[in-house]
Amino acid sequence: MTGLSRRGLITGAAAAGSALTLPMTSTGAAAAESGPAGPAAALPESVQVFRNDPRYPGLVSGANQRWVGRPDYIRIVSSTAQVVAAVQEAVDKRLRVAVRSGGHCNEPFVSDQDVRVVIDMSQMADISYDKRHRAIAVEPGAMLGSVYRTLYKRWGVVLPGGTCPTVGAGGHITGGGYGALSRSRGLTVDHLYGVEVVTVSADGKARAVIATREPDDPNRDLWWAHTGAGGGNFGVITRYWLRSPDATGSEPAQLLPQAPTEVLLSDVSWSWQDLDEKSFSRLVRNFDAWHARNAGPDSPGRFLYSQLKLQHRSAGTFHMCTQVDTAAPDAEALLDEFLAAVSAGTGVTYQVGDRARTPWMYAVTQWFGFVEAAVSRWKAKAAYVRKPMPDDQIAAMHRHLTRTDYDNPTALVNLISYGGRINAVAPDATAVAQRDSHIKILYVSLWTGVGDGDTARHEKWVRDCFADVYAATGGVPRPDGVNDGCYINYADADMADPELNRSGIPWHRLYFKDNYPRLQRVKAAWDPRDVFHHALSVRKP
(Lines give C-alpha, C1' and ligand atoms only; values in the text may rest on other atoms or scores of the structure.)
Protein backbone atom coordinates (compact mmCIF):
# COMPACT_ATOMS: atom_id res chain seq x y z
CA MET A 1 0.00 0.00 0.00
CA THR A 2 1.67 1.97 -1.51
CA GLY A 3 5.79 8.84 -2.79
CA LEU A 4 8.10 21.51 -0.79
CA SER A 5 11.17 22.35 -0.98
CA ARG A 6 13.94 22.85 1.60
CA ARG A 7 17.69 22.22 1.50
CA GLY A 8 20.07 21.12 4.25
CA LEU A 9 23.64 21.99 5.02
CA ILE A 10 26.35 19.94 3.36
CA THR A 11 29.98 20.81 3.96
CA GLY A 12 33.07 19.41 2.36
CA ALA A 13 33.80 17.36 5.45
CA ALA A 14 30.30 15.88 5.41
CA ALA A 15 30.56 15.10 1.73
CA ALA A 16 33.70 13.10 2.49
CA GLY A 17 31.71 10.99 4.92
CA SER A 18 32.72 12.46 8.26
CA ALA A 19 30.25 13.48 10.93
CA LEU A 20 28.91 17.01 10.92
CA THR A 21 27.57 18.93 13.88
CA LEU A 22 25.33 21.77 12.75
CA PRO A 23 26.00 25.14 14.37
CA MET A 24 23.24 26.76 16.38
CA THR A 25 22.36 30.41 16.79
CA SER A 26 21.72 31.97 20.17
CA THR A 27 17.98 31.48 19.69
CA GLY A 28 18.32 27.77 19.02
CA ALA A 29 17.47 28.05 15.34
CA ALA A 30 19.84 26.57 12.78
CA ALA A 31 22.47 28.76 11.24
CA ALA A 32 22.25 29.64 7.54
CA GLU A 33 22.52 26.64 5.25
CA SER A 34 23.84 25.71 1.87
CA GLY A 35 22.58 22.68 0.00
CA PRO A 36 22.88 20.64 -3.17
CA ALA A 37 22.09 23.62 -5.39
CA GLY A 38 24.04 26.26 -3.44
CA PRO A 39 23.12 28.82 -0.76
CA ALA A 40 19.53 28.80 0.46
CA ALA A 41 17.47 31.68 1.74
CA ALA A 42 16.91 31.89 5.49
CA LEU A 43 14.35 29.35 6.57
CA PRO A 44 11.51 29.92 9.00
CA GLU A 45 11.85 28.33 12.39
CA SER A 46 10.24 24.95 12.87
CA VAL A 47 6.58 24.89 13.89
CA GLN A 48 5.60 23.48 17.27
CA VAL A 49 2.04 22.22 17.70
CA PHE A 50 0.82 21.57 21.25
CA ARG A 51 -2.32 19.79 22.47
CA ASN A 52 -4.36 22.99 22.69
CA ASP A 53 -3.66 23.85 19.05
CA PRO A 54 -6.61 23.24 16.66
CA ARG A 55 -4.18 21.49 14.29
CA TYR A 56 -3.21 18.91 16.90
CA PRO A 57 -5.96 16.31 16.19
CA GLY A 58 -4.98 16.25 12.53
CA LEU A 59 -1.30 15.66 13.27
CA VAL A 60 -1.34 12.86 15.85
CA SER A 61 -2.14 10.01 13.47
CA GLY A 62 -1.06 8.85 10.05
CA ALA A 63 -2.96 7.24 7.21
CA ASN A 64 -3.86 4.26 9.41
CA GLN A 65 -6.45 5.72 11.78
CA ARG A 66 -6.31 2.54 13.83
CA TRP A 67 -3.58 4.30 15.79
CA VAL A 68 -3.83 7.78 17.35
CA GLY A 69 -0.96 9.17 19.41
CA ARG A 70 -0.87 11.53 22.37
CA PRO A 71 2.48 13.35 22.12
CA ASP A 72 3.22 16.47 24.13
CA TYR A 73 3.82 18.27 20.85
CA ILE A 74 4.54 17.85 17.13
CA ARG A 75 7.57 19.57 15.66
CA ILE A 76 7.14 20.40 11.95
CA VAL A 77 10.59 20.86 10.44
CA SER A 78 11.88 22.36 7.20
CA SER A 79 15.62 21.68 7.30
CA THR A 80 18.30 19.35 8.59
CA ALA A 81 19.38 21.96 11.13
CA GLN A 82 15.84 22.13 12.51
CA VAL A 83 15.82 18.34 12.85
CA VAL A 84 19.09 18.50 14.80
CA ALA A 85 17.57 21.12 17.10
CA ALA A 86 14.34 19.13 17.55
CA VAL A 87 16.19 15.92 18.38
CA GLN A 88 18.55 17.70 20.75
CA GLU A 89 15.64 19.28 22.60
CA ALA A 90 13.93 15.90 23.02
CA VAL A 91 17.13 14.26 24.24
CA ASP A 92 17.87 17.07 26.68
CA LYS A 93 14.35 16.83 28.10
CA ARG A 94 14.43 13.02 28.10
CA LEU A 95 11.34 12.85 25.89
CA ARG A 96 10.80 9.83 23.66
CA VAL A 97 10.85 10.92 20.03
CA ALA A 98 9.42 9.44 16.83
CA VAL A 99 9.43 10.54 13.20
CA ARG A 100 6.68 10.72 10.57
CA SER A 101 7.03 11.44 6.86
CA GLY A 102 4.17 9.96 4.80
CA GLY A 103 2.46 8.30 7.76
CA HIS A 104 1.62 4.92 6.17
CA CYS A 105 2.96 2.74 8.98
CA ASN A 106 1.00 -0.45 9.69
CA GLU A 107 1.77 -0.37 13.41
CA PRO A 108 1.83 2.30 16.17
CA PHE A 109 5.55 2.99 15.90
CA VAL A 110 4.92 6.74 15.76
CA SER A 111 1.57 6.78 17.57
CA ASP A 112 2.78 4.80 20.58
CA GLN A 113 1.35 6.33 23.73
CA ASP A 114 4.85 6.63 25.21
CA VAL A 115 6.03 8.88 22.37
CA ARG A 116 6.20 12.45 23.65
CA VAL A 117 7.55 14.23 20.55
CA VAL A 118 6.71 13.61 16.90
CA ILE A 119 8.98 15.16 14.30
CA ASP A 120 6.90 15.81 11.19
CA MET A 121 9.06 15.67 8.03
CA SER A 122 6.33 16.50 5.52
CA GLN A 123 7.73 19.95 4.68
CA MET A 124 11.13 18.52 3.79
CA ALA A 125 10.15 17.38 0.31
CA ASP A 126 12.77 18.80 -2.04
CA ILE A 127 13.94 16.77 -5.05
CA SER A 128 17.04 18.15 -6.79
CA TYR A 129 20.33 17.28 -8.42
CA ASP A 130 23.36 17.46 -6.13
CA LYS A 131 26.53 18.11 -8.14
CA ARG A 132 28.75 17.50 -5.14
CA HIS A 133 27.58 13.90 -4.71
CA ARG A 134 26.80 13.40 -8.38
CA ALA A 135 23.40 12.09 -7.30
CA ILE A 136 19.76 13.07 -7.13
CA ALA A 137 18.83 14.24 -3.63
CA VAL A 138 15.38 13.42 -2.26
CA GLU A 139 14.14 14.65 1.09
CA PRO A 140 12.05 12.28 3.23
CA GLY A 141 8.79 14.22 3.12
CA ALA A 142 8.49 13.87 -0.65
CA MET A 143 5.62 11.58 -1.60
CA LEU A 144 6.27 8.88 -4.16
CA GLY A 145 3.92 10.47 -6.67
CA SER A 146 5.96 13.69 -6.49
CA VAL A 147 9.21 11.75 -6.73
CA TYR A 148 8.06 9.97 -9.89
CA ARG A 149 6.74 13.14 -11.53
CA THR A 150 9.86 15.14 -10.75
CA LEU A 151 12.35 12.47 -11.82
CA TYR A 152 10.45 11.88 -15.04
CA LYS A 153 9.75 15.47 -16.03
CA ARG A 154 13.23 16.77 -15.22
CA TRP A 155 15.42 13.89 -16.29
CA GLY A 156 13.35 11.01 -17.71
CA VAL A 157 14.48 8.62 -14.98
CA VAL A 158 12.73 6.58 -12.32
CA LEU A 159 13.17 5.17 -8.84
CA PRO A 160 11.58 1.68 -8.85
CA GLY A 161 9.38 2.21 -5.81
CA GLY A 162 5.85 1.56 -4.62
CA THR A 163 2.57 1.97 -6.44
CA CYS A 164 0.78 4.14 -3.86
CA PRO A 165 1.55 7.80 -4.74
CA THR A 166 0.85 9.16 -1.24
CA VAL A 167 3.50 7.07 0.55
CA GLY A 168 6.42 9.18 1.79
CA ALA A 169 9.95 8.52 0.61
CA GLY A 170 11.18 8.67 4.21
CA GLY A 171 10.24 5.20 5.41
CA HIS A 172 9.63 3.63 2.02
CA ILE A 173 13.17 3.77 0.65
CA THR A 174 14.98 2.64 3.78
CA GLY A 175 12.70 -0.40 4.11
CA GLY A 176 13.74 -1.66 0.68
CA GLY A 177 10.77 -0.31 -1.23
CA TYR A 178 9.56 -2.14 -4.30
CA GLY A 179 6.89 -1.68 -6.96
CA ALA A 180 5.80 -2.21 -10.53
CA LEU A 181 9.25 -1.61 -12.04
CA SER A 182 11.31 -3.52 -9.47
CA ARG A 183 11.33 -6.80 -11.39
CA SER A 184 13.11 -5.01 -14.24
CA ARG A 185 15.04 -2.36 -12.27
CA GLY A 186 15.56 -3.61 -8.72
CA LEU A 187 14.56 -2.28 -5.29
CA THR A 188 14.78 1.34 -4.20
CA VAL A 189 17.82 0.56 -2.06
CA ASP A 190 19.65 -0.93 -5.03
CA HIS A 191 19.94 2.68 -6.25
CA LEU A 192 20.71 4.34 -2.90
CA TYR A 193 24.06 6.10 -2.98
CA GLY A 194 23.95 7.85 0.37
CA VAL A 195 21.94 9.13 3.32
CA GLU A 196 22.04 12.11 5.63
CA VAL A 197 20.94 11.08 9.13
CA VAL A 198 20.58 12.97 12.40
CA THR A 199 22.01 10.67 15.04
CA VAL A 200 22.64 10.94 18.78
CA SER A 201 26.05 10.03 20.18
CA ALA A 202 26.80 8.40 23.51
CA ASP A 203 27.27 11.83 25.09
CA GLY A 204 23.75 12.85 24.05
CA LYS A 205 24.71 15.21 21.25
CA ALA A 206 22.59 15.31 18.10
CA ARG A 207 24.41 15.76 14.83
CA ALA A 208 23.89 15.28 11.11
CA VAL A 209 25.98 12.55 9.51
CA ILE A 210 26.44 11.65 5.85
CA ALA A 211 27.10 8.04 4.90
CA THR A 212 27.62 6.67 1.39
CA ARG A 213 28.31 3.36 -0.28
CA GLU A 214 31.85 4.43 -1.21
CA PRO A 215 34.22 1.63 -0.13
CA ASP A 216 36.46 4.06 1.77
CA ASP A 217 33.65 5.91 3.55
CA PRO A 218 34.18 5.43 7.31
CA ASN A 219 30.41 5.68 7.76
CA ARG A 220 29.62 3.07 5.10
CA ASP A 221 27.95 0.71 7.59
CA LEU A 222 25.43 3.42 8.43
CA TRP A 223 24.57 3.67 4.71
CA TRP A 224 24.25 -0.12 4.51
CA ALA A 225 21.87 -0.21 7.47
CA HIS A 226 19.53 2.13 5.59
CA THR A 227 19.27 -0.27 2.67
CA GLY A 228 16.50 -2.38 4.17
CA ALA A 229 16.28 -2.11 7.97
CA GLY A 230 13.23 0.16 7.88
CA GLY A 231 12.65 3.50 9.58
CA GLY A 232 13.00 4.51 13.20
CA ASN A 233 16.20 2.59 13.95
CA PHE A 234 19.33 4.71 13.86
CA GLY A 235 18.29 8.36 13.59
CA VAL A 236 16.23 10.79 11.55
CA ILE A 237 16.78 10.54 7.80
CA THR A 238 16.93 14.04 6.35
CA ARG A 239 18.07 13.28 2.80
CA TYR A 240 18.60 10.41 0.40
CA TRP A 241 21.02 10.49 -2.51
CA LEU A 242 20.09 8.28 -5.45
CA ARG A 243 22.51 6.98 -8.05
CA SER A 244 22.61 3.51 -9.60
CA PRO A 245 25.80 1.52 -8.90
CA ASP A 246 26.67 1.27 -12.60
CA ALA A 247 25.98 4.95 -13.39
CA THR A 248 28.83 7.00 -14.80
CA GLY A 249 29.33 10.68 -15.52
CA SER A 250 27.54 13.61 -13.98
CA GLU A 251 24.49 13.97 -16.20
CA PRO A 252 21.42 13.38 -13.94
CA ALA A 253 19.51 11.76 -16.81
CA GLN A 254 22.08 8.94 -16.72
CA LEU A 255 22.21 8.33 -12.96
CA LEU A 256 19.04 6.28 -12.45
CA PRO A 257 17.14 3.78 -14.63
CA GLN A 258 15.30 5.20 -17.61
CA ALA A 259 11.55 5.45 -17.07
CA PRO A 260 9.29 3.52 -19.46
CA THR A 261 7.85 5.51 -22.31
CA GLU A 262 4.67 3.49 -22.32
CA VAL A 263 3.13 0.60 -20.40
CA LEU A 264 0.45 -1.94 -21.14
CA LEU A 265 -2.19 -2.10 -18.39
CA SER A 266 -4.55 -4.98 -17.76
CA ASP A 267 -7.36 -5.55 -15.27
CA VAL A 268 -9.23 -8.86 -15.25
CA SER A 269 -11.57 -10.35 -12.67
CA TRP A 270 -13.11 -13.63 -11.63
CA SER A 271 -16.50 -14.20 -10.02
CA TRP A 272 -16.54 -16.22 -6.83
CA GLN A 273 -19.73 -17.86 -8.06
CA ASP A 274 -17.76 -19.50 -10.88
CA LEU A 275 -15.05 -20.90 -8.61
CA ASP A 276 -14.89 -23.93 -6.36
CA GLU A 277 -11.90 -24.87 -4.23
CA LYS A 278 -10.32 -26.89 -7.05
CA SER A 279 -10.47 -24.09 -9.64
CA PHE A 280 -9.36 -21.49 -7.08
CA SER A 281 -6.37 -23.62 -6.14
CA ARG A 282 -5.38 -24.12 -9.76
CA LEU A 283 -5.56 -20.37 -10.38
CA VAL A 284 -3.27 -19.61 -7.46
CA ARG A 285 -0.85 -22.41 -8.40
CA ASN A 286 -0.71 -21.08 -11.95
CA PHE A 287 0.11 -17.55 -10.81
CA ASP A 288 2.76 -18.95 -8.47
CA ALA A 289 4.28 -21.24 -11.11
CA TRP A 290 4.56 -18.49 -13.76
CA HIS A 291 6.49 -16.30 -11.35
CA ALA A 292 8.73 -19.19 -10.28
CA ARG A 293 9.61 -19.73 -13.97
CA ASN A 294 10.28 -16.02 -14.42
CA ALA A 295 12.14 -15.25 -11.20
CA GLY A 296 15.61 -14.91 -12.69
CA PRO A 297 17.30 -11.52 -13.09
CA ASP A 298 17.36 -11.84 -16.88
CA SER A 299 14.02 -13.57 -17.39
CA PRO A 300 11.99 -12.16 -20.30
CA GLY A 301 9.10 -11.99 -17.84
CA ARG A 302 10.88 -9.43 -15.67
CA PHE A 303 9.09 -6.65 -17.55
CA LEU A 304 5.72 -7.83 -16.20
CA TYR A 305 4.36 -7.00 -12.75
CA SER A 306 1.04 -8.21 -11.41
CA GLN A 307 -1.10 -8.33 -8.31
CA LEU A 308 -3.59 -11.16 -7.85
CA LYS A 309 -5.87 -9.56 -5.26
CA LEU A 310 -7.84 -12.41 -3.72
CA GLN A 311 -10.64 -10.53 -1.97
CA HIS A 312 -12.96 -12.20 0.50
CA ARG A 313 -15.89 -13.96 -1.11
CA SER A 314 -18.28 -11.30 0.21
CA ALA A 315 -16.85 -8.96 -2.45
CA GLY A 316 -18.38 -11.17 -5.15
CA THR A 317 -15.32 -10.93 -7.39
CA PHE A 318 -11.58 -10.50 -7.19
CA HIS A 319 -9.15 -8.85 -9.60
CA MET A 320 -5.74 -9.29 -11.13
CA CYS A 321 -4.06 -6.03 -12.16
CA THR A 322 -1.01 -6.22 -14.42
CA GLN A 323 1.49 -3.81 -15.94
CA VAL A 324 3.92 -4.62 -18.74
CA ASP A 325 6.73 -2.29 -19.75
CA THR A 326 6.46 -1.96 -23.51
CA ALA A 327 10.25 -2.04 -23.69
CA ALA A 328 9.79 -5.79 -23.37
CA PRO A 329 10.09 -7.68 -26.67
CA ASP A 330 6.48 -8.02 -27.84
CA ALA A 331 4.73 -6.75 -24.69
CA GLU A 332 1.31 -7.75 -26.00
CA ALA A 333 2.43 -11.36 -26.44
CA LEU A 334 3.98 -11.39 -22.96
CA LEU A 335 0.70 -10.27 -21.43
CA ASP A 336 -1.30 -12.78 -23.47
CA GLU A 337 1.00 -15.60 -22.44
CA PHE A 338 0.75 -14.59 -18.78
CA LEU A 339 -3.06 -14.39 -18.79
CA ALA A 340 -3.28 -17.76 -20.52
CA ALA A 341 -0.86 -19.34 -18.07
CA VAL A 342 -2.80 -18.08 -15.04
CA SER A 343 -6.12 -19.32 -16.44
CA ALA A 344 -4.89 -22.68 -17.76
CA GLY A 345 -6.86 -25.67 -16.54
CA THR A 346 -9.17 -23.70 -14.27
CA GLY A 347 -12.25 -24.13 -16.44
CA VAL A 348 -13.20 -20.57 -15.49
CA THR A 349 -13.24 -17.51 -17.73
CA TYR A 350 -12.05 -14.15 -16.50
CA GLN A 351 -13.77 -10.87 -17.32
CA VAL A 352 -11.69 -8.14 -18.94
CA GLY A 353 -12.15 -4.81 -17.21
CA ASP A 354 -9.32 -2.86 -18.80
CA ARG A 355 -6.58 -3.39 -21.37
CA ALA A 356 -4.81 -0.41 -22.82
CA ARG A 357 -1.45 1.09 -23.69
CA THR A 358 -0.87 4.30 -21.83
CA PRO A 359 2.01 6.69 -21.10
CA TRP A 360 3.92 5.56 -18.04
CA MET A 361 3.43 8.95 -16.40
CA TYR A 362 -0.33 8.39 -16.48
CA ALA A 363 -0.04 4.88 -15.15
CA VAL A 364 2.18 5.79 -12.20
CA THR A 365 0.17 8.80 -11.03
CA GLN A 366 -3.41 8.25 -12.22
CA TRP A 367 -4.09 4.53 -12.60
CA PHE A 368 -5.00 3.17 -9.20
CA GLY A 369 -5.41 -0.48 -10.12
CA PHE A 370 -2.64 -1.46 -7.69
CA VAL A 371 -3.94 0.54 -4.71
CA GLU A 372 -6.46 -0.92 -2.30
CA ALA A 373 -9.70 0.74 -1.23
CA ALA A 374 -9.28 4.13 0.44
CA VAL A 375 -10.33 3.18 3.96
CA SER A 376 -9.00 4.49 7.21
CA ARG A 377 -7.93 1.40 9.18
CA TRP A 378 -6.05 -1.77 8.39
CA LYS A 379 -4.11 -4.69 9.81
CA ALA A 380 -1.49 -6.28 7.59
CA LYS A 381 0.95 -9.19 7.50
CA ALA A 382 3.43 -10.26 4.86
CA ALA A 383 5.42 -13.20 3.54
CA TYR A 384 7.93 -13.96 0.82
CA VAL A 385 7.50 -16.98 -1.48
CA ARG A 386 10.68 -18.60 -2.84
CA LYS A 387 9.38 -22.04 -3.85
CA PRO A 388 5.96 -23.07 -5.22
CA MET A 389 3.40 -22.98 -2.44
CA PRO A 390 2.24 -26.36 -1.13
CA ASP A 391 -1.40 -27.40 -1.32
CA ASP A 392 -2.01 -26.88 2.39
CA GLN A 393 -1.10 -23.16 2.16
CA ILE A 394 -3.42 -22.57 -0.79
CA ALA A 395 -6.21 -24.55 0.88
CA ALA A 396 -5.90 -22.37 3.99
CA MET A 397 -6.16 -19.23 1.88
CA HIS A 398 -9.34 -20.52 0.29
CA ARG A 399 -10.74 -21.53 3.67
CA HIS A 400 -10.44 -18.04 5.13
CA LEU A 401 -11.42 -16.17 1.99
CA THR A 402 -14.69 -18.11 1.89
CA ARG A 403 -15.54 -18.04 5.60
CA THR A 404 -19.21 -17.35 6.21
CA ASP A 405 -18.67 -15.94 9.73
CA TYR A 406 -16.76 -12.98 8.28
CA ASP A 407 -18.00 -10.73 5.51
CA ASN A 408 -15.53 -7.92 4.82
CA PRO A 409 -15.17 -7.35 1.05
CA THR A 410 -11.95 -5.37 1.61
CA ALA A 411 -10.17 -8.25 3.32
CA LEU A 412 -7.76 -9.91 0.94
CA VAL A 413 -4.71 -12.03 0.31
CA ASN A 414 -2.67 -10.17 -2.30
CA LEU A 415 -0.13 -12.16 -4.32
CA ILE A 416 2.39 -9.67 -5.73
CA SER A 417 5.05 -10.12 -8.41
CA TYR A 418 8.61 -10.20 -7.10
CA GLY A 419 12.00 -11.49 -8.26
CA GLY A 420 13.63 -10.55 -11.56
CA ARG A 421 16.37 -7.93 -11.11
CA ILE A 422 15.66 -7.91 -7.37
CA ASN A 423 17.30 -11.32 -7.31
CA ALA A 424 20.49 -10.10 -9.00
CA VAL A 425 21.79 -8.67 -5.71
CA ALA A 426 23.53 -10.69 -3.00
CA PRO A 427 21.66 -11.15 0.31
CA ASP A 428 24.32 -9.27 2.26
CA ALA A 429 24.99 -6.49 -0.26
CA THR A 430 22.10 -4.54 1.26
CA ALA A 431 20.13 -5.05 4.46
CA VAL A 432 17.37 -6.74 2.39
CA ALA A 433 18.26 -10.40 2.87
CA GLN A 434 15.44 -11.89 0.76
CA ARG A 435 17.00 -12.09 -2.69
CA ASP A 436 15.70 -15.31 -4.24
CA SER A 437 11.92 -14.98 -3.86
CA HIS A 438 9.43 -14.69 -6.71
CA ILE A 439 6.24 -13.54 -4.93
CA LYS A 440 5.48 -11.30 -1.99
CA ILE A 441 2.17 -11.84 -0.18
CA LEU A 442 0.23 -9.16 1.66
CA TYR A 443 -2.47 -10.33 4.05
CA VAL A 444 -4.68 -7.40 4.97
CA SER A 445 -8.08 -6.40 6.24
CA LEU A 446 -9.20 -2.81 5.69
CA TRP A 447 -12.18 -1.24 7.42
CA THR A 448 -13.77 2.03 8.49
CA GLY A 449 -15.54 1.18 11.75
CA VAL A 450 -14.16 2.69 14.94
CA GLY A 451 -15.44 0.36 17.66
CA ASP A 452 -13.10 -1.93 19.58
CA GLY A 453 -15.25 -4.90 18.70
CA ASP A 454 -15.10 -4.07 15.03
CA THR A 455 -11.32 -3.72 15.17
CA ALA A 456 -10.93 -7.02 17.02
CA ARG A 457 -13.04 -8.82 14.43
CA HIS A 458 -10.90 -7.67 11.51
CA GLU A 459 -7.62 -8.25 13.31
CA LYS A 460 -8.72 -11.77 14.20
CA TRP A 461 -9.46 -12.65 10.57
CA VAL A 462 -5.98 -11.57 9.45
CA ARG A 463 -4.29 -13.39 12.32
CA ASP A 464 -6.34 -16.56 11.83
CA CYS A 465 -5.69 -16.65 8.11
CA PHE A 466 -1.95 -16.05 8.45
CA ALA A 467 -1.52 -18.63 11.22
CA ASP A 468 -3.48 -21.24 9.26
CA VAL A 469 -1.56 -20.71 6.00
CA TYR A 470 1.74 -21.24 7.83
CA ALA A 471 0.54 -23.82 10.34
CA ALA A 472 3.14 -26.35 9.17
CA THR A 473 5.98 -23.93 10.06
CA GLY A 474 4.75 -22.70 13.42
CA GLY A 475 2.30 -20.10 12.17
CA VAL A 476 4.91 -17.91 10.47
CA PRO A 477 6.57 -17.97 7.00
CA ARG A 478 9.79 -19.70 8.02
CA PRO A 479 12.88 -18.29 6.29
CA ASP A 480 14.89 -20.34 3.82
CA GLY A 481 12.12 -22.82 3.04
CA VAL A 482 9.10 -22.45 0.80
CA ASN A 483 8.86 -18.99 2.31
CA ASP A 484 11.49 -16.53 3.41
CA GLY A 485 10.19 -14.52 6.31
CA CYS A 486 8.49 -11.11 6.29
CA TYR A 487 8.86 -7.62 4.80
CA ILE A 488 9.69 -4.81 7.23
CA ASN A 489 7.73 -2.16 5.30
CA TYR A 490 4.62 -4.29 5.92
CA ALA A 491 5.48 -4.22 9.61
CA ASP A 492 3.60 -6.63 11.87
CA ALA A 493 4.27 -6.27 15.59
CA ASP A 494 2.67 -9.68 16.17
CA MET A 495 5.94 -11.24 15.05
CA ALA A 496 7.62 -9.89 18.21
CA ASP A 497 4.79 -11.00 20.50
CA PRO A 498 5.45 -14.48 21.99
CA GLU A 499 1.72 -14.90 22.54
CA LEU A 500 1.13 -14.57 18.79
CA ASN A 501 4.41 -15.88 17.35
CA ARG A 502 4.81 -19.31 18.91
CA SER A 503 7.11 -20.64 16.21
CA GLY A 504 10.34 -20.24 18.12
CA ILE A 505 11.66 -18.13 15.21
CA PRO A 506 12.63 -14.68 16.52
CA TRP A 507 11.01 -11.71 14.84
CA HIS A 508 14.36 -10.35 13.64
CA ARG A 509 15.14 -13.62 11.86
CA LEU A 510 11.87 -13.31 9.95
CA TYR A 511 12.68 -9.80 8.79
CA PHE A 512 16.47 -9.64 8.49
CA LYS A 513 17.79 -13.21 8.55
CA ASP A 514 21.62 -13.33 8.73
CA ASN A 515 21.94 -9.55 8.33
CA TYR A 516 20.65 -8.86 11.83
CA PRO A 517 23.97 -9.09 13.77
CA ARG A 518 25.49 -6.48 11.46
CA LEU A 519 22.46 -4.24 11.94
CA GLN A 520 22.91 -4.61 15.69
CA ARG A 521 26.51 -3.45 15.43
CA VAL A 522 25.40 -0.39 13.48
CA LYS A 523 22.77 0.29 16.14
CA ALA A 524 25.36 0.14 18.92
CA ALA A 525 27.69 2.46 17.03
CA TRP A 526 25.19 5.09 15.89
CA ASP A 527 22.35 5.01 18.42
CA PRO A 528 24.07 3.82 21.63
CA ARG A 529 21.43 5.49 23.83
CA ASP A 530 18.59 3.76 21.93
CA VAL A 531 16.91 7.11 21.31
CA PHE A 532 15.13 5.73 18.25
CA HIS A 533 13.15 2.59 18.92
CA HIS A 534 9.83 0.84 18.43
CA ALA A 535 8.40 -2.68 18.62
CA LEU A 536 10.37 -3.93 15.59
CA SER A 537 13.43 -1.72 15.76
CA VAL A 538 16.92 -3.16 15.71
CA ARG A 539 18.15 -3.94 19.23
CA LYS A 540 21.68 -3.32 20.45
CA PRO A 541 23.81 -6.51 20.82
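The structure under discussion appears in the preceding block.
Because the structure is a prediction, the values reported are computed rather than measured.

Some details on the packing of helix H7 (residues 277-293) against helix H10 (residues 391-401)
Line of reasoning, step 1. The contact between H7 and H10 brings their axes to 10 Å, and the two run at 125 degrees. In terms of orientation, H7 and H10 fall into the oblique class. Considering how the two elements wind past one another, H7 and H10 form a crossing that is right-handed. For the pair formed by H7 and H10, the contact residues are Glu277, Phe280, Ser281, Val284 and Arg285 on the first element and Asp391, Ile394, Ala395, His398 and Leu401 on the second.
Line of reasoning, step 2. A breakdown of the residues in the contact of H7 with H10 according to their chemical character gives 5 nonpolar, 2 polar and 3 charged.

Some remarks on the sheet that holds strand S6 (residues 97-100)
Line of reasoning, step 1. Read from one edge of the open sheet, 4 strands run S4-S5-S7-S6, paired in mixed fashion. The open sheet has two free edges, formed respectively by strand S4 (47-50) and S6, since each of these has just one partner strand. Each neighbouring strand pair of the sheet contributes to a mean axis angle of 25 degrees, computed without reference to strand direction.
Line of reasoning, step 2. As paired elements, S6 and strand S7 (residues 117-120) share 4 bridges and run parallel to each other. If you follow Val97 over to S7, its bridge partner there is Val117.

With respect to the sheet that holds strand S14 (residues 304-311)
Line of reasoning, step 1. What the 7 strands build is an open sheet, ordered S16-S13-S15-S14-S18-S19-S17; its pairing is antiparallel. Either end of the sheet is taken by a strand with one partner, and the two such strands are strand S16 (351-359) and strand S17 (377-385). Averaged over all pairs of adjacent strands, the angle between their axes in this sheet comes to 15 degrees, without regard to strand direction.
Line of reasoning, step 2. Two strands pair when backbone bridges link them, and S14 and strand S15 (residues 317-325) are joined in this way by 6 bridges, in the antiparallel orientation. Note on S15: the bridge partner recorded for Tyr305 is Gln323.
Line of reasoning, step 3. The sheet strands contacting H7 are strand S13 (262-271), S14, S15, S17, strand S18 (411-417) and strand S19 (439-447), and the helix crosses S14 at an angle near 155 degrees.
Line of reasoning, step 4. Helix-sheet contacts for H10 involve S14, S18 and S19, and the interaxial angle to S18 is about 145 degrees.

Looking at unusual backbone geometry
With glycine set apart, most residues show a phi of negative sign, and most peptide bonds adopt trans.
Line of reasoning, step 1. Positive phi, normally seen in glycine, also occurs at Arg94, with a value near 55 degrees.
Line of reasoning, step 2. Checked against the element boundaries, Arg94 lands in the loop between helix H2 (80-92) and S6.
Line of reasoning, step 3. One non-glycine residue, Asp330, lies in the positive phi region at around 55 degrees.
Line of reasoning, step 4. With respect to the helices and strands, Asp330 occurs in the loop between S15 and helix H8 (331-343).

Quick word on the environment of Val47
Line of reasoning, step 1. With respect to the element layout, Val47 can be found in strand S4.
Line of reasoning, step 2. Linking Val47 and Val432, residues 385 residues apart in sequence, is a C-alpha distance of 35 Å.
Line of reasoning, step 3. Ignoring sequence-local partners within four residues, the contact set of Val47 consists of Arg55, Ile74, Arg75 and Ile76.

Re helix H3 (residues 144-155)
Line of reasoning, step 1. With 12 residues, H3 should reach 16 Å at 1.5 Å per residue; the first-to-last C-alpha distance of 16 Å fits that figure.
Line of reasoning, step 2. The set of residues buried in H3 consists of Leu144, Gly145, Val147, Tyr148, Thr150, Leu151 and Trp155.
Line of reasoning, step 3. Considering only its buried residues, H3 is in contact with strand S8 (127-130), strand S9 (135-138), helix H4 (169-174) and helix H9 (360-365).
Line of reasoning, step 4. Following H3 by one or two positions, Gly156 has its phi on the positive side, about 75 degrees.

Rules of the game
Residues numbered from 1 in each chain as written. Predicted model: local features only at pLDDT ≥ 70, side-chain atom pairs only at ≥ 80, totals over all residues. Heavy atoms only, no water. Axes fitted to C-alpha atoms, helices over the stretch in contact; angles between N-to-C directions. Helix = DSSP H or I, 4+ residues; strand = E, 2+ residues; numbered from the N terminus. Parallel < 35°, antiparallel > 145°, perpendicular 65-115°, else oblique. Left-handed = near helix turned anticlockwise from the far one by under 90°. Contact = heavy atoms within 4.5 Å. Nonpolar A, V, L, I, M, F, W, Y, C, P; charged D, E, K, R; others polar. Pairing = 2+ DSSP bridges. Expected span 1.5 Å × (residues − 1). Buried < 20%, exposed > 50% of the residue type's maximum accessible area, 1.4 Å probe, protein only.

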